[in-house]
Amino acid sequence: MVEYLYFVISLLSVLGGASLLLLLTHREGDDLYRLNHISVLFLVVALFAALMQWNLGTRGYLLEGLFGKVLYIDDFALLFDTMFITGTIMTLLINTEYFANRRYFNGEYFALILFSLFGMMLLAHSHELVTAFIALEIASLSVYALVGYHKNNLVSIEAMMKYFTLGSIGGILFLLGSVIIFAATGSTELGAIAQYTHKGSADLTPVIIGATFIMIAVMFKIGAVPFHAWVLDVYEGAPFPVTMFMASTFKIAIFAIALRLYIVDFVPMHGTWTHLLELMAALTMLGGSWLAITQKSLKRMLAGSSIVHSGYMLIAITSIGLGSNIAASAIIFYLIAYFVSSVGAFGILSFISATSRKELTYDDFKGFSERRPYMAAMMAVFMLSLAGFPSTIGFLGKFYIFTAAIESGEFFLAGLGIAMAFVSVYYYFKLIAMIYFYPNKEPQKELVFNSSTLLIILLAAVVVLGGMGSGLIPYMPSADGFIDIATAAVGALGTPLR
Amino acid sequence: MGQHLLSMIVFLPLFGALVMALGRSGLRLLRTGTLAISAVTTLLSFTLAFLFTADGSMQFVRKVPWISNYGITYYLGVDLISLVLLLVIAVLMPLLYLYMHEEKRKGFWYSMLLLQSGVSGVILSLDAILFYLFWEMMLLPVFLMIGRYGAGERSYNVMQLLLMTLLGSLTMLYAILYMGYRFYSISGHWSYAVEDLAKLRFESETDILLAAGFLLAFVIKIPLVGFHTWMAPAYGSAPTPAVVILSAVMAKLGVYGIWRFGFSLFGDTLTLYAPGIIALSLFGLLYYTLRAISQDGLREMFAFASGAHLSMITLGLLLANIYAWSGSLYFIATHAFSSAGMFLMLGLLYRRSGTFAISELGGIAQRAPKFAFFFIFFALSVAGLPGTGGFVSELLIIIGAFKSNLWIGVFAAMSMVAAVLYLFTMSRKVLFGESSEATERFDDLSPLETTILVPLVLLLLAMGIFPSLFMSIFDTQLSIMLDAFREGVA
Amino acid sequence: MLENSLLFILGFFLIAGALVTIAAKEVAYNIAGFLISMIALAGLFGLLDNSFLFLAQIMISVGAVAVLATIVIMTLNLRFENQAYEPNRVRIIIGVLLLEIPIGLVIYKALAASGLVITPAAEGYGTLKSLGKTLFEEWLVPFELVSILLLAAMIAAIAIARREKYYDKEEYFDHYKPHAIETNRTEPDSEELQ
Amino acid sequence: MNSENFFILAIILFMIGLAGVSSRRNLFVIYLGIELMLSAVNLLLATISRATQQGSGSVIALLIFALIAAEAALFLAMLVQLYRSKRTLDSGRFTHLAQEEKYRDAA
């Protein structure tokens, strides 16, 4: 009993932090820096707690006697916890300057971020559909409000409107799917559903239909192509820290539940879904590439490209359905790779836009390499990683995904993925070209070392190290380390029947 | 020492660049440091050549696991072909750094160091993924050098170069991934080492597709005719050192790729489709020669001349007999030196006159006799006149061509004659006749510039006059490789 | 028989109310339709012997949500001129409904295949006591989470709806300042409404 | 009275809600449509609960009520803010994203 409390420290720490921040919010003259530090403090505690439990091989329901089979603890969830917390810490620390230069931020911002994080962590832990839905809604409602946080700016509130409306439909579809499955199996607990679906005797049509609704909701949330209408606008309209939070952390959260469901419970629907997923992956990559190519604003370009990255991950999901052994760990590795690179890229954008009010476009980066040579180099590294250039972590991510696709016989999708990687070179290298090809008249700015820049440097180092070093450089966590982590996490999901 | 030699050659420039960049070194330090680094790598390369024994095997092999879950290894090794290319780099890079002596833009120096690492890595790596890594890595500095320091429509031209080369390399990546997977499904463990992939046998259709995937990367890099649209614009807007590397080294890497991967992995398909590629090379020979004749810009002219010669090398490679192969390998080296020299001359010409247009030049010989001498020497060695290395290599390829087919030989010989003619005409127009506005004040070569050019001249002469020095080594090594290839096909 | 006729009547009101909710032009009618629909839904809950849900429906959907919506709309003082320009909306709605029929059929198929039939209710079904037992025995965590959800939503709503002391003039782009009213009529500034 | 009737009612209610959300431009009606869809799910849950004679369905429905309230709070707050900013609830009038003009000063 008591030792289980040990496992909820990270959850409780996040929740406690959120509540405390609520209390602190309305004091007169609230100091954003201090609130920021307080939230980071709680998050660091949570991160340590999560890391301590990593790789203990724990697998089991949390307080089953009291809570029932609702929350589950395994390495899969812990890995996602770690990523969410890290992503949130990055979001908070990298954007320190950004808060300071905008007057619309106040204490509730931190509380909402922490609530949202709490929802995401629950989502990774939940082993029951209704809990997952509520966790998803906790995360989503907070993020809706965060998107519209600059509420006196029409762009921001309009983005919130679009996201809220479409996101609600997505949520309701998830709920509807859960209810249909509940009707068919008599339970919403994932283990019971898995038992039902593996029994073999029952008519699985209702389960498949319910699962389809859930998967459509997932597609809604990750912005896969017929359901992508909101992505660009919302990313553009949201304040930079929120865009960063959504693109990196929130997107991964959806994959946490989607993977758990797809690998463990929805095995019978793999056959039904394969063709649909293939089509969707192809459409997502094509549509996302088209959107990304045609943008001028970098926020919108990154939003479009994030759709493309969802498309790559959909390829891997398809491969899981076709029985690939390596696809599941490939997708988790890709999530890590995408997470690191996109947090870095958004981090630099928000670092730059902290002191200017402009919408950042390609043209704004002309001469950037001379203004800020180190930032420019790191931006180039992140772009290379997103484009999948070798010696970065992004390349290995694509390598695993495409290898998995080839292993499962998805030759066309792998080819299309590589073709889209080729297209992505265009819009990522366009930025590198802007950074490096144009002279600059302004004087060079010194690189100041503060939390933002240090974290960005750290991320760049992870991108490069994760893409190369291994046995060559001793004592360095790197490419091998990441894929081992991913494999261990997937291994924790284990066989569907426990 | 032995097993780290290759790693040092590859990574010394890269680490040097990193250290100097992070240490925010000043221009002077950067210049001295770069020269020192290149001197050391050159020394190492020659040590390597000295220790090398030509018995047809891979030497100085270094193979350690890199990404062990997927069997990707850090796998370097050197055989005769890579050694020749390595020595070419070892000779050229210090000269280029000397040529860049006046260069004030730091990024240029860093890019060159990065480029040196990249090309050395491509030459030495024997693991397909590692090869791909370096293959892409060497593109990046070229991208920066042309896009940032180039002239004319630089960003458009460099984007064209980037996208076309990446198109090829991504098809290659797909082929590599597929072969790795096939190896895994047969043997149960992952490996991307060349000799492991060479064990694979595919159904003929798959084999053709895979071979096409690899070849696309290589023919775009060479470039064979039809895949050449990036070439002239990129050569036109690149700064001189970048052009030298593009034509003297990077284009050869396409040929090297066919040698290393094409012959060892897809022997059957390559034999089957050799006539097609030979025809393409012959057509390229004709096409590039005609285009070269009609150019007014010197850069473009020599870009096309270079294209013609690379078509010739490819031709020799695919004829696959001992003469043609020796000729090709020899040509790789001689063409590198002569085209490097020629493009350096063009760079010096541009420094003085500010133009590349033949029609705006003339009368240089009276004002700058030394310059004129070097200019005409390199032009002739590009044309392949007797006494220079180019002659020997072209002769060998033509002999090889005659051995396999009379008409191919005749055609190749004809193109050689045509090259001599148009290069003569060009030199006459540029060096003699009325001096023009651009050449009013034309200084002769400075001592430093002469120092840069003399080694190339000596090398070309040596290779032209004493080919037997090299040929004996080539013969043993290449006949071993040729036998292995024929065995593989049979 | 009585039950069936009740079902028919309640169902009619449910659907009719819902249709009015989404098709009516005036906001007042929308809300009225919504109310009718929700009350009918409460009746259906009662018909299903679920007294607890009946109460909850009346209290939350009718009592809280619909009233809150009404208050908000009245506070906003939404004028006819400021409402959406929507030509042919009935035609569009019917078209969309027709398009949705496949979805509906799929859902129906799934539910029908689950083979659930209504049998006479067991003793104590739907009472507060039995529900409370289930709630605290099996659904403790989701129930607690819902409280957190409500808390988060409350914070979010406050953050969005609260009027700031400043009204930032120079944030972002100048032409994105909350601008003047787009209708021809001069509206009272919303500050008066607060 | 059998479960299918209730299912049909719930599905029709759901479809009407979805139609409202996807075809209307008045944001208030869109909001009501979302509420209708959630209510339809509640009706499904109540029916399932009745048919299985178990409390679980009803409890889930209760949790959904809380969600309905939460969404109501946030959505109405957003409506207030939207109306403040542009004096309209017409979703078609909020078209400031993805417009080229705002890049003009950045170029």
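As shown above, the structure is provided for reference.
Just so it is clear, the model here is predicted, and its values are computed rather than measured. (Residues numbered from 1 in each chain as written. Chains lettered and ligands numbered in written order. Predicted model: local features only at pLDDT ≥ 70, side-chain atom pairs only at ≥ 80, totals over all residues. Heavy atoms only, no water.)

(A) Examining the overall build of chain C more closely. Across its full length, chain C carries 6 helices and 0 strands. Counting from the amino terminus, chain C carries its helices and strands in the arrangement α-α-α-α-α-α. The buried share of chain C, taken over its 194 residues, is 44%. Considering only contacts within chain C whose residues lie at least 6 apart along the sequence, 64% involve residues at least 24 apart. As presented, chain C carries roughly 10,200 Å² of accessible surface, and 70% of it is formed by carbon and sulfur atoms. (Helix = DSSP H or I, 4+ residues; strand = E, 2+ residues; numbered from the N terminus. Buried < 20%, exposed > 50% of the residue type's maximum accessible area, 1.4 Å probe, protein only. Contact = heavy atoms within 4.5 Å. Areas by Shrake-Rupley, 256 points an atom, 1.4 Å probe, with all protein chains shown as cover.)

(B) Structural detail: the packing of aromatic side chains. Taken as a whole, this structure holds 65 aromatic pairs over all chains when the rule is applied. Ring geometry for A:Phe399 and B:Tyr70: centres 5.7 Å apart, planes at 75°, overall edge-to-face. On the criterion of chain membership, the pair formed by A:Phe399 in helix α18 (residues 393-407) and B:Tyr70 in the loop between β1 (59-67) and β2 (72-78) is interchain, its members lying in two chains. B:Tyr70 shares its class with A:Phe399; the two are buried. Pairing B:Tyr235 with B:Phe343 gives two aromatic rings, centres 6.0 Å apart and planes at 70°, and the pair type is edge-to-face. Of the two residues, B:Tyr235 is situated in helix α10 (residues 231-237) and B:Phe343 in helix α14 (residues 322-353); the sequence distance between them amounts to 108 residues. Among the residues examined, B:Phe343 registers a relative accessible area of 2% and is labelled buried. Cluster of aromatic residues (ring-pair linked, three or more members): A:Phe333, A:Phe395, A:Phe399, A:Tyr400, B:Tyr70, B:Tyr132, B:Tyr184, B:Trp190 and B:Tyr192. Looking at A:Lys366, its charged tip hangs above the ring of A:Tyr438, at a distance of 4.7 Å from the centre. (Phe/Tyr/Trp six-rings, centres within 6.5 Å; stacked < 30°, edge-to-face > 60°. Lys NZ or Arg CZ within 6 Å of the ring centre and 35° of its normal.)

(C) Looking closely at the environment of C:Tyr85. Structurally, C:Tyr85 can be placed in the loop between α3 (51-76) and α4 (89-113). Relative accessible area serves as the criterion here: at 57%, C:Tyr85 is assigned to the exposed category. Along the backbone, C:Tyr85 and C:Lys25 are 60 residues apart, and their C-alpha atoms lie at a distance of 9.8 Å. Setting aside residues no more than four positions away along its own chain, C:Tyr85 makes contact with D:Arg25 and D:Asp90.

(D) Highlighting a nonpolar patch on the surface. Together, A:Tyr6, A:Ile9, A:Val45, A:Met52 and A:Leu56 give the surface a local cluster of nonpolar side chains, amounting to about 450 Å² of exposed area. Elements with a contribution of two residues or more to the nonpolar patch: α1 (2-25) and α2 (32-53) of chain A. (Patch = residues over 30% accessible without salt bridge, like charges linked within 9 Å, V, L, I, M, F, W, Y side chains within 5 Å. Salt bridge = Lys/Arg side-chain N within 4 Å of Asp/Glu carboxyl O.)

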